[in-house]
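# Structural overview for review
Residues per chain, in single letters:
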Amino acid sequence: MQRFLLRRFIIAIVTVMIVSVVIFIMSRAVGDPRALLLDDYSTMEDWDRMGAELGLDKPYYQQYGIFVKDALRGEFGESIQQGRPAMHIVLERLPATLQLATASFALSLLIGVPLGILSAVQRGSIIDQFGRGVALVGQSAPPFWLGIMLMFFFSVNLGWVPPFGREDPRGIILPAITLGWFYAAANLRLIRSAMLDVLDSEYIKLARAKGVSSQTVILKHALRNAVIPALTFAGVTLGALVTGSLVVETVFAWPGLGKLAVDALFGLDYALLQAVVIVFTLLYVAASFLVDVLYALIDPRIRYT
Amino acid sequence: MANQEFAEILVTRKPGLIDLSKVWHAARTWPILPVFLLSLVVISGVAAPWIAPHDPDRGVLQERNLPPFWSGATTASKTVADSVALEDQGRLISLRQAQLIDPQAVVGDQIEVVIQPGGSTKYLLGTDQLGRDLLSRIIYGARISLIVAAITLGVGGTIGVTLGLMAGWYGRWVDEFIMRLVDVMLSLPLILVALVLVVSLGQSFTIIVTVLCLFIWPRFARQVRGEVLLLKTKDYVALAKVSGASTQRILMIHIFPGTINTLIVVATLQVGIVILLESVLSFLGAGVPPPTAAWGSMVSDGRDRLAGFWWIATFPGLAIMLTVMSLNLFGDWLRDKLDPRLRQI
């Protein structure tokens, strides 16, 4: 277990480092920041002095070192658009994204798991057909389009829920459905196929032969084993929810990190962008690390594969 | 045997032109609809210049925002007035404009005015905000999706398969190194990285394809490695080794063919994801540079005009969904036929 943990931890660190290198290269590829910071009346001495201040006169590997040191302290400079430290803005926006991610994750479990079980138990029934429809749409519809269509029907045409924003508490419904549908579909498929396999196994037949009630067989004997693949996927899900929020937050003007990232990107606000990307990556990596560890605790076989 | 004879005696149906139950049965056993839709996409992509009715990039501004051919014109009844203030345009119409419609119109008349023209067969799916034909743009958009998917699969798939073969065959540190690389790649937030790259290096086709290759190779590598580990222990591989076959020969002739079934299934299912990702990047403004028609950016174009002109965003999105759906259905079918063990992906 310790070896597994260590290995998993190293992977997480390496991932964060790769992203930080990408961001560093990006920030240098864009051009010299002095061109933006200095005005037309500056002299060559000003240029050199500022270079020394910002550490631009040092070789690249040392500059990267400075970048990492600042990043570790959460210092990414000031946002050009808002004139405030980038990290402050990012932390302000974080709760909205976490709220949306939690809602979508809960939704994907609440829809995916029961529907998956029912589909497997009543194979070929109307419920199964319905479940397959839900899964197929969820896996095939591009999330941005799904969001736009939901918004069109339920906000613009029917006026049931506000089309965007976070002021009205009902505003979270559509973004959460849009983001959660894909993962609900994946959970449904995984649970369904795992349930079908498990229900076919010997120990289930034995349980049934002993006269255990159908409900107990399904919920106690079968589901416990069928849930493992879905759990593995949950790790990927948690992380990918973060990235999915980029699209959904843009569509629904949800004031979270995703929208912030896209705005910073197209407003060429590099300090802000660096901060967002790093926080996003940390969330992503931490989520998948956590779930991997949980998973290894639940199913010991994974540690050896 | 007896049952069969009875059945023949009892059920004497007139042989119809098309047996509906047979059609239904065929549709359930064979992926007819998905394959039909996919071939439609492929043909559109390959033969776009010949089948597209209009130039996808050149619009006629006088004919912008036209609805699809089946929707009629929207009219409203307005009162004719001498002069019309901007805020009264909803219910009033100026005398001069009214006389263009009905030369006898006088101030105070009620007159039917076409607010939005109806669709025509000239533009089957309507036009967008620049007067470009939506159908033609969707047909050309198929081309972009196909090219991106083909290159990504070709390059990313080859890298993935090669590394997967190496990892599985050599084992030890080679395996360890490649698989840890795979783990890192799989935990990288690639869309974010793609966006960052696009902003710092500029929108380009190469960046999208590179990012998608980075996305896809680890999935191939992981799958192929697993297969190689199984195949490696087979007797015929040992025999090939004993008879002095080179490593390259063993890998290419004895092991690689054994992984093809898996590869086909993984490839079909991954193409759907690649097409989806490409559309997401295009939607976020980081896709193939405009004015090239890509499905994702077309949805993005129509997004703000949804209330009045719903078709601009709806049809390209529908094209993405149907394509990916067909790929998924076809992939599922292939998997069940070729390799039921893969049910979990």
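Since the model is a prediction, treat every value here as computed from it, not as a measurement.

## Observations regarding the overall build of chain A
Scanning chain A for helices and strands turns up twelve helices and zero strands. When its helices and strands are written in sequence order, chain A yields α-α-α-α-α-α-α-α-α-α-α-α. Taking all contacts inside chain A whose residues are at least 6 apart in sequence as the whole, residues at least 24 apart take part in 71%. Counting every atom, chain A has about 15300 Å² of accessible surface; 66% of that belongs to carbon and sulfur.

## Here we look at helix α7 (residues 172-186) of chain B
Note that an α-helix has 3.6 residues per turn; residues three or four places apart therefore point the same way. Taking 1.5 Å per residue, 15 residues should reach 21 Å; α7(B) reaches 21 Å between its end C-alpha atoms and fits that length. The complete set of buried residues in α7(B) reads B:Val174, B:Asp175, B:Ile178, B:Met179, B:Val182, B:Asp183, B:Val184 and B:Met185.

## Description of the nonpolar core
Of all hydrophobic cores here, the largest spans 129 residues; its most connected members are A:Phe144 and B:Ile255. No other element matches helix α11 (residues 247-283) of chain B, which puts 14 residues into this core. Setting aside anything within four residues of it in sequence, one finds A:Phe144 in contact with A:Val247, A:Val251, B:Ser279, B:Val280, B:Phe283, B:Gly296, B:Val299 and B:Ile320.

## Structural notes on the interface of chain B and chain A
Counting residues at the interface gives 44 residues for chain B, matched by 47 residues for chain A. The contact between chain B and chain A buries some 4000 Å² in all, and 76% of this surface belongs to carbon and sulfur atoms. Our count for the contact surface shared by chain B and chain A stands at one salt bridge. For A:Arg189, the salt bridge is made with B:Asp332, and the minimal N-O distance between the two is 3.2 Å. Across the chain B-chain A interface, the total number found is five residue pairs in polar contact (both at pLDDT 80 or more). Within the residue set of the side of chain B that touches chain A, elements represented by two or more residues are α7, α8 (190-201), α11, α12 (295-302) and α13 (311-338) of chain B. The biggest single contributor to the side of chain B that touches chain A is α13(B), with twelve residues. When grouped by side-chain class, the residues that make up the side of chain B that touches chain A number 27 nonpolar, nine polar and eight charged.

## Overview of the side chain of B:Ser145
With respect to the helices and strands, B:Ser145 occurs in helix α6 (residues 134-170). If near-sequence neighbours (up to four positions away) are discounted, B:Ser145 is found in contact with B:Ile275, B:Glu278 and B:Trp295.

## Side note on the packing of helix α6 (residues 126-140) of chain A against α13(B)
α13(B) packs onto α6(A) with a crossing angle of 120° between their chain directions and a minimal axis gap of 8 Å. One element, α6(A), and the other, α13(B), form an angle in the oblique class. Read as a crossing pair, α6(A) and α13(B) show a hand that is right-handed. Touching A:Leu136, A:Val137, A:Gln139 and A:Ser140 of α6(A) are B:Ile320, B:Met321, B:Val324, B:Met325, B:Asn328 and B:Leu329, all from α13(B). Taken together, the residues of the contact of α6(A) with α13(B) sort by class into seven nonpolar, three polar and no charged.

## Section: helix α8 (residues 173-199) of chain A
Of all the bends in α8(A), the greatest measures close to 40° and is centred on A:Gly180. With 21 of 27 residues buried, α8(A) is to be regarded as a mostly interior element.

## Details of the confidence of the model for chain B
All names here are of chain B. The predicted model of chain B averages 78 in pLDDT, with 89% of residues at 70 or higher. Mean pLDDT across the elements of chain B bottoms out in helix α1 (residues 2-10) (53) and peaks in α6 (88). For this predicted complex, the interface confidence reaches an ipTM of 0.78, while the overall pTM sits at 0.79.

## Quick word on the pattern of salt bridges
Residues and elements named next belong to chain B. This structure, assessed with the given rule, holds five salt bridges over all chains. Residue Asp175 pairs with Arg225 through a salt bridge whose shortest N-O separation is 2.7 Å. Of this pair, Asp175 sits in helix α7 while Arg225 sits in helix α9 (residues 205-232), and the two are 50 residues apart along the sequence. Exposure remark for Arg225: the relative accessible area of 22% places this residue in the partly exposed category.

## Focus on the environment of B:Arg305
All names here are of chain B. With respect to the secondary-structure elements, Arg305 resides in the loop between α12 and α13. Along the chain, Arg305 and Asn65 lie 240 residues apart, while their C-alpha atoms are 9.4 Å from each other. Among all residues touching Arg305, those that are not within four sequence positions of it are Gln129, Trp310 and Ile312.

## Concerning the environment of B:Val265
All names here are of chain B. Position of Val265 among the secondary structure elements: in helix α11. Exposure remark for Val265: the relative accessible area of 0% places this residue in the buried category. In sequence terms Val265 and Leu338 are 73 residues apart; their C-alpha atoms lie 7.9 Å from each other.

## Considerations on the packing of aromatic side chains
Enumeration over the complete set of coordinates arrives at five aromatic pairs over all chains. Ring geometry for A:Phe152 against A:Phe153: centres 5.6 Å apart, planes inclined by 55°, an arrangement best described as tilted. Between B:Phe309 and B:Trp311, the aromatic rings sit 5.8 Å apart at their centres with planes inclined by 75°, giving edge-to-face as the arrangement. Take B:Trp311: its relative accessible area is 2%, and that puts it in the buried class. Lying over the aromatic face of B:Phe215, B:Arg219 brings its terminal NZ or CZ to 3.9 Å of the ring centre.

## Regarding a nonpolar patch on the surface
Residues and elements named next belong to chain A. A contiguous nonpolar surface patch, about 310 Å² in accessible area, is contributed by Leu6, Ile10, Val14 and Ile18. With respect to the helices, strands and loops of the structure, Ile10 is situated in helix α1 (residues 2-29). Residue Ile10 is classed as partly exposed on the basis of its relative accessible area, which comes to 45%.

## Observations regarding the side chain of A:Gln139
Looking at where A:Gln139 falls in the secondary structure, it is placed in helix α6. Looking at A:Gln139, its side chain comes within polar contact range of the side chain of A:Arg189, at 3.5 Å. Aside from chain neighbours lying at most four places away, what touches A:Gln139 is A:Phe182, A:Ala185, A:Ala186, A:Arg189, B:Leu276, B:Val324 and B:Asn328.

## Observations regarding the environment of B:Gly302
Residues and elements named next belong to chain B. Structurally, Gly302 is set in helix α12. Put simply, Gly302 and Asp128 are 174 residues apart on the chain and 7.5 Å apart in space, counted from C-alpha to C-alpha. If we skip the residues at most four places from it in the chain, Gly302 touches Ile312 and Ala313.

Thresholds applied
Residues numbered from 1 in each chain as written. Chains lettered and ligands numbered in written order. Predicted model: local features only at pLDDT ≥ 70, side-chain atom pairs only at ≥ 80, totals over all residues. Heavy atoms only, no water. Helix = DSSP H or I, 4+ residues; strand = E, 2+ residues; numbered from the N terminus. Contact = heavy atoms within 4.5 Å. Areas by Shrake-Rupley, 256 points an atom, 1.4 Å probe, with all protein chains shown as cover. Expected span 1.5 Å × (residues − 1). Buried < 20%, exposed > 50% of the residue type's maximum accessible area, 1.4 Å probe, protein only. Core = buried A, V, L, I, M, F, W, Y, C linked by side-chain atoms within 4.5 Å. Buried area = accessible area lost by both parts, 1.4 Å probe. Salt bridge = Lys/Arg side-chain N within 4 Å of Asp/Glu carboxyl O. Polar contact = N/O pair within 3.5 Å; in protein donor to acceptor, adjacent residues only side chain to side chain. Nonpolar A, V, L, I, M, F, W, Y, C, P; charged D, E, K, R; others polar. Axes fitted to C-alpha atoms, helices over the stretch in contact; angles between N-to-C directions. Parallel < 35°, antiparallel > 145°, perpendicular 65-115°, else oblique. Left-handed = near helix turned anticlockwise from the far one by under 90°. Bend = angle between axes of the 7 residues up to and from the residue. pLDDT = per-residue confidence, 0-100. Phe/Tyr/Trp six-rings, centres within 6.5 Å; stacked < 30°, edge-to-face > 60°. Lys NZ or Arg CZ within 6 Å of the ring centre and 35° of its normal. Patch = residues over 30% accessible without salt bridge, like charges linked within 9 Å, V, L, I, M, F, W, Y side chains within 5 Å.

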